[in-house]
Amino acid sequence: MSDPNLQVQRQIQALQDDLERLRKADAPGVSGTWTPTFAGLTGAGTYTYVAQNGFYTRIGNIVHIYGRIGISAIGTPPTGGMVILTLPFTSSSVSGTRGVLTFGYVSNLNLTAGAYLTGNIDPGEDGVRLMENFDNATSTAYPAANFTNANCDITFFGSYPV
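How each quantity is defined
- Residues numbered from 1 in each chain as written.
- Predicted model: local features only at pLDDT ≥ 70, side-chain atom pairs only at ≥ 80, totals over all residues.
- Heavy atoms only, no water.
- Helix = DSSP H or I, 4+ residues; strand = E, 2+ residues; numbered from the N terminus.
- Buried < 20%, exposed > 50% of the residue type's maximum accessible area, 1.4 Å probe, protein only.
- Contact = heavy atoms within 4.5 Å.
- Salt bridge = Lys/Arg side-chain N within 4 Å of Asp/Glu carboxyl O.
- Polar contact = N/O pair within 3.5 Å; in protein donor to acceptor, adjacent residues only side chain to side chain.
- Patch = residues over 30% accessible without salt bridge, like charges linked within 9 Å, V, L, I, M, F, W, Y side chains within 5 Å.
- Areas by Shrake-Rupley, 256 points an atom, 1.4 Å probe, with all protein chains shown as cover.

Draft legend 1. Quick peek at the overall build of the protein. Within the protein one finds one helix and ten strands. Secondary structure elements of the protein occur, N-terminal to C-terminal, as α-β-β-β-β-β-β-β-β-β-β. Within the protein, the fraction of its 162 residues that count as buried is 35%. Intrachain contacts of the protein at a sequence separation of at least 6 include 67% that bridge at least 24 residues.

Written out as structure tokens, the structure is:
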């Protein structure tokens, strides 16, 4: 028969070990902040930010993010499709996985007529591709050529696998 005190000590040690694993940055259940930025895919552009807030929680192999980006000026215009950089963790590289972003507030962003904005986080990426979506049509990359309003302000949330 085992010593009951020894069993309790082992259980306590196992709980302490679990807590220590949760404290590590790459462990599940970790929360923190990150700094989202706008960029063009072929030319990043430069911006004067008035808001750059990002929060995340990682639970297992899923990261949940919230963010707000606001600008007051565009110094150098971006080129290519628009993205939000840099996510707190690189997304899973498993083919067929994709994270998504939903926008809760979009102000002063020039969208193509009839389009609504979403974000895709493709496998192995550390950024979000901004996408224009249309009813009954394929989504397309949000073109940096449309990113011209110096008072753009967006709030978003989403999840992606790591």
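Draft legend 2. Region of the structure containing the pattern of salt bridges. With the rule as written, the count across this model stands at three salt bridges. Notably, a salt bridge pairs Arg 68 with Asp 153, separated by 2.7 Å at the nearest N-O pair. Taken together, the positions of Arg 68 in strand E4 (residues 62-74) and Asp 153 in strand E10 (residues 153-161) put the pair 85 residues apart, joining distant regions of the chain. Using a relative accessible area of 13% as the deciding quantity, one classes Asp 153 as buried. Arg 98 is the salt-bridge partner of Asp 122, the closest N and O atoms lying 3.2 Å from each other. Pair noted here: Asp 122 is in the loop between strand E7 (116-121) and strand E8 (127-133) and Arg 98 is in the loop between strand E5 (82-85) and strand E6 (99-107), with a separation of 24 residues, a long-range link. On the accessibility criterion, Arg 98 (52% relative accessible area) is exposed.

Draft legend 3. Main features of the environment of Arg 58. Here Arg 58 lies in strand E3 (residues 47-59). For Arg 58, the side chain forms a polar contact with the main-chain oxygen of Gly 60, separated by 3.0 Å.

Draft legend 4. Summary view of the side chain of Ser 91. Looking at the secondary structure, you find Ser 91 in the loop between E5 and E6. Within polar-contact distance, the side chain of Ser 91 engages the backbone nitrogen of Gly 124 at 3.0 Å. Not counting residues up to four positions away in its chain, the partners in contact with Ser 91 are Ile 121, Asp 122, Pro 123, Gly 124, Glu 125, Tyr 160, Pro 161 and Val 162.

Draft legend 5. Here's a closer look at a nonpolar patch on the surface. Together, Phe 55, Tyr 66 and Phe 157 line one region of the surface with nonpolar side chains, adding up to about 300 Å² of accessible area. Relative to the helices and strands, Tyr 66 is located in strand E4.

Distances and angles like these do not, on their own, reveal function.
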